[in-house]
Amino acid sequence: MRIFMTGGSGKAGKYTVDHLISLGHEVTNADLVPLDHPKVRNLKVDLTDAGQVLNALHAFADFSELEPGTGVPQYDAIVHFAAVPRILLVPDNETYKDNVLSTYNVLDAAAKYGIKKVIFASSETTYAVCFWDGHKQPDYIPVDEEHPTVPQDSYAMSKVLNEATARSFQARTGADIYGLRINNVIEPHEYAENFPAYVEDASLRRRNIFAYIDARDLAHMVECCLNTDGLGFEVFNVSNDDSSVGMPSEEVISTFYEGIPQKAEITGFDTFYSNEKAKRMLGFSAPSRWR
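Residues numbered from 1 in each chain as written. Predicted model: local features only at pLDDT ≥ 70, side-chain atom pairs only at ≥ 80, totals over all residues. Heavy atoms only, no water.

Caption draft 1: The overall build of the protein chain, seen in detail. Looking only at helices and strands, one finds eight helices and nine strands in the protein chain. Taking 19 Å as the expected radius of gyration for a compact globule of 291 residues, we find that the protein chain reaches 19 Å, a close match to that expectation. For the protein chain, the C-alpha atoms occupy an extent of roughly 65 × 35 × 35 Å along the three principal directions. The proportion of buried residues among the 291 residues of the protein chain is 53%. In the protein chain, 74% of the contacts between residues at least 6 apart in sequence involve partners at least 24 apart. Accessible surface computed for the protein chain: about 12,500 Å², of which carbon and sulfur atoms make up 52%. (Helix = DSSP H or I, 4+ residues; strand = E, 2+ residues; numbered from the N terminus. Rg over C-alpha atoms; globule rule 2.2 N^0.38 Å. Buried < 20%, exposed > 50% of the residue type's maximum accessible area, 1.4 Å probe, protein only. Contact = heavy atoms within 4.5 Å. Areas by Shrake-Rupley, 256 points an atom, 1.4 Å probe, with all protein chains shown as cover.)

If you want it as structure tokens, here you go:
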């Protein structure tokens, strides 16, 4: 496939780019910062500028594409990961503006060019727990895609609005548009660096609903989405099967979630951030284990 990837230079994006290229796809990385990868096609694009997005999505991506003499080839899919990645990096209104406008521009361009597969990064923060002022308990555990999404912060607000925008574009075009509610992304080297502290103090993971997603497994999730057609608009939680703390899940419940309704059985070190829907509908698997 010929894939237009936004934010491919970021923490999560670089693993996805590498994985897609390893599968034989041609990937254009649309980002403000180039990715140092021998096979990626880098293109500096300001995604908040609609003209740049429209132009970038209908342009040659590499000198080799000039050889056939048949004009600009069409992109088969868009993977949209570019965003201000959290609060407290730029002013809140800039976070909201950049994330909402860039996503609108990408979806609008996809609709105009008839691109029938768009995968975009939503977030665990939509469930409001992560950036709540004080401690916000989930309505129930494990948290699944039916859980309410009424956050307080500008980052999560932008993600909720992006999901609504994506649903509307899907209604207009009939394309497959899948939103990924990605949990806290962990790179392999971060296990040794960060997880000893999480074993020592499980409360450090409360805002992430005690969950995580290995960056390599997130890349596999994107692959699953590219390989699955016909779902229309859907959102999917993305997490690993186990929690990110050393405390058994039953002890996590008694310590942090006592009295919280339980929607499904949670035993051993099971995650509190359900990925069952992605497994059932996409064939997703997350084999990486920090333990």
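Caption draft 2: Structural view of the pattern of salt bridges. One pass over the full model with this rule turns up 17 salt bridges. Of the charged contacts, one joins arginine 2 and glutamate 65 as a salt bridge, the two residues approaching to 2.7 Å between their closest N and O atoms. Residue arginine 2 is located in strand S1 (residues 2–6), and its partner glutamate 65 is located in the loop between helix H2 (50–56) and strand S4 (77–80); the two are separated by 63 residues in the primary sequence. By relative accessible area, which is 4% here, arginine 2 ends up buried. You can call glutamate 65 buried: its relative accessible area is 10%. (Salt bridge = Lys/Arg side-chain N within 4 Å of Asp/Glu carboxyl O.)

Caption draft 3: Fine view of a nonpolar patch on the surface. Taken together, the side chains of Phe60, Phe63 and Leu66 define a hydrophobic patch exposed on the protein surface, amounting to about 350 Å² of accessible area. By the secondary structure assignment, phenylalanine 60 is in the loop between H2 and S4. A relative accessible area of 37% means that phenylalanine 60 is categorised as partly exposed. (Patch = residues over 30% accessible without salt bridge, like charges linked within 9 Å, V, L, I, M, F, W, Y side chains within 5 Å.)

Caption draft 4: Fine view of the pairing of S1. Along S1, five of the five residues are buried, which leaves the element largely enclosed by surrounding structure. Residues Arg2, Phe4 and Thr6 of S1 are buried on one face, and the alternating residues Ile3 and Met5, pointing to the opposite face, are buried as well. In the sheet, S1 pairs with S4 via four bridges, with the strands oriented parallel. Across the sheet, threonine 6 pairs through a bridge with histidine 80, a residue of S4. (Pairing = 2+ DSSP bridges.)

Caption draft 5: Focus on the packing of aromatic side chains. Here the structure, examined in full by the defined rule, presents 14 aromatic pairs. Clustering of aromatic rings is evident, with ring pairs tying together Tyr191, Phe195, Tyr198, Tyr212 and Trp290. Here lysine 136 stacks its cationic end above the ring of tryptophan 132, 4.9 Å away from the centre of that ring. When the ring centre of phenylalanine 269 is taken as origin, the NZ or CZ atom of arginine 291, which lies over that ring, is 4.1 Å away. (Phe/Tyr/Trp six-rings, centres within 6.5 Å; stacked < 30°, edge-to-face > 60°. Lys NZ or Arg CZ within 6 Å of the ring centre and 35° of its normal.)

Caption draft 6: Main features of helix H5 (residues 190–200). If you check which residues of H5 are buried, you get Glu190, Tyr191, Phe195 and Tyr198. For H5, the angular spread of buried residues about the axis comes to 75°, placing them on one side. Within H5, the exposed residues directed more than 90 degrees away from the buried face are Ala192, Glu193 and Glu200. Looking at the buried residues of H5, the elements they touch are strand S7 (185–186), strand S8 (213–214) and helix H6 (215–227). (Arc of directions from axis to C-beta.)

Caption draft 7: Here's a closer look at the state of the cysteines. In the structure shown here, the tally under the stated rule is zero disulfides. Cysteine 224 carries a free sulfur, and the closest cysteine sulfur to it, the one in cysteine 225, is 6.9 Å from it. (Disulfide = S-S within 2.5 Å.)

Caption draft 8: Examining the UniProt feature "domain: NAD-dependent epimerase/dehydratase" (unreviewed entry) in the protein chain more closely. Per the UniProt record, "domain: NAD-dependent epimerase/dehydratase" (unreviewed entry) is annotated on residues 3–237. The straight-line gap between the two end C-alpha atoms of residues 3–237 is 22 Å; of that span, 35% is helix and 17% is strand. (UniProt positions renumbered as here; feature names shortened; annotations may be inferred.)

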